[in-house]
Amino acid sequence: MIYSTATVPVNPAGETALTRAQAWQGLVLKARDARLFLPEGLCTRCDVVEESATHFVREATIAGTGLREIITLEAQSKVTFFQATGPREGAIVNELFEDEAGALQLRFYCYLGLRGKAPGGPEEQAEQAQFDSDKGYRAALLSTLKRTRELLADGRLSWSQE
């Protein structure tokens, strides 16, 4: 089983401040279309194929691998990606929260396994090391916030309150 977590401040010194609503809209937009947030060419398809009052389903091709995710939104707080098909099974969560000082934080955490691979085996160990590395999910959180700021500056960030 892979467990990884990372937390970054939403508004570090020297960056354009984002409100909770703006950071939230960035997370929702990333859930709906990862192509806008991942390096060019990494995600070649990302389509919402089903929607309901409680979730939506997206199908994507990321790094050449097809996957299907069931995504739930807890307004202004949490986006959870349940891995329905693809190489991983489990859940990935992006969460906005205030720390003890009242500063807005963005946290990633996941509980995952690799389909068809031995639990705790070399493939899972390699995936764990990647998630926990400087190029892992901490970097993805920082990239998400950077891209959210760019979309805001370009006037491309939606203002609905999903």
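Residues numbered from 1 in each chain as written. Predicted model: local features only at pLDDT ≥ 70, side-chain atom pairs only at ≥ 80, totals over all residues. Heavy atoms only, no water.

Asks: Sorry if this is basic, but what is going on with the side chain of arginine 147 here?
Replies: By the element assignment, arginine 147 lies in helix α3 (residues 137–153). A residue is classified by how much of its surface remains accessible, and arginine 147, at 18% relative accessible area, is buried. Engagement of the side chain of arginine 147 in a polar contact is seen with the side chain of glutamate 150, the distance being 3.2 Å. Ignoring sequence-local partners within four residues, the contact set of arginine 147 consists of Leu36, Phe37 and Arg156. (Helix = DSSP H or I, 4+ residues; strand = E, 2+ residues; numbered from the N terminus. Buried < 20%, exposed > 50% of the residue type's maximum accessible area, 1.4 Å probe, protein only. Polar contact = N/O pair within 3.5 Å; in protein donor to acceptor, adjacent residues only side chain to side chain. Contact = heavy atoms within 4.5 Å.)

Asks: How should I be thinking about the sheet that holds strand β1 (residues 2–9) in this particular structure?
Replies: Picture the strands of a sheet paired through backbone hydrogen bonds; they go either parallel or antiparallel. Across the sheet, which stays open at both edges, the seven strands sit in the order β1-β7-β6-β5-β4-β3-β2 with antiparallel pairing between neighbours. Taken across any chain shown, the strands that pair with only one partner, and hence form the sheet edges, are β1 and β2 (43–51). Going across the sheet, the axis of each strand differs from the next one's by a mean of 20 degrees, ignoring polarity. One ladder, built from eleven bridges, connects strand β6 (residues 88–98) with strand β7 (residues 104–114); its direction is antiparallel. (Pairing = 2+ DSSP bridges. Axes fitted to C-alpha atoms, helices over the stretch in contact; angles between N-to-C directions.)

Asks: Please clarify how the nonpolar core should be interpreted in this entry.
Replies: Core analysis: the largest hydrophobic core is formed by 25 residues, its most contacted members being Val10, Val79, Leu96 and Leu106. Breaking this core down by element, the ones donating at least two residues are β1, α1 (20–32), β5 (78–85), β6, β7 and α3. If you tally residues by element for this core, the top one is β7, at six residues. Not counting the four nearest positions on each side in its chain, valine 79 is found in contact with Trp24, Leu27, Ala31, Ile71, Thr72, Leu73, Ile92, Val93 and Asn94. (Core = buried A, V, L, I, M, F, W, Y, C linked by side-chain atoms within 4.5 Å.)

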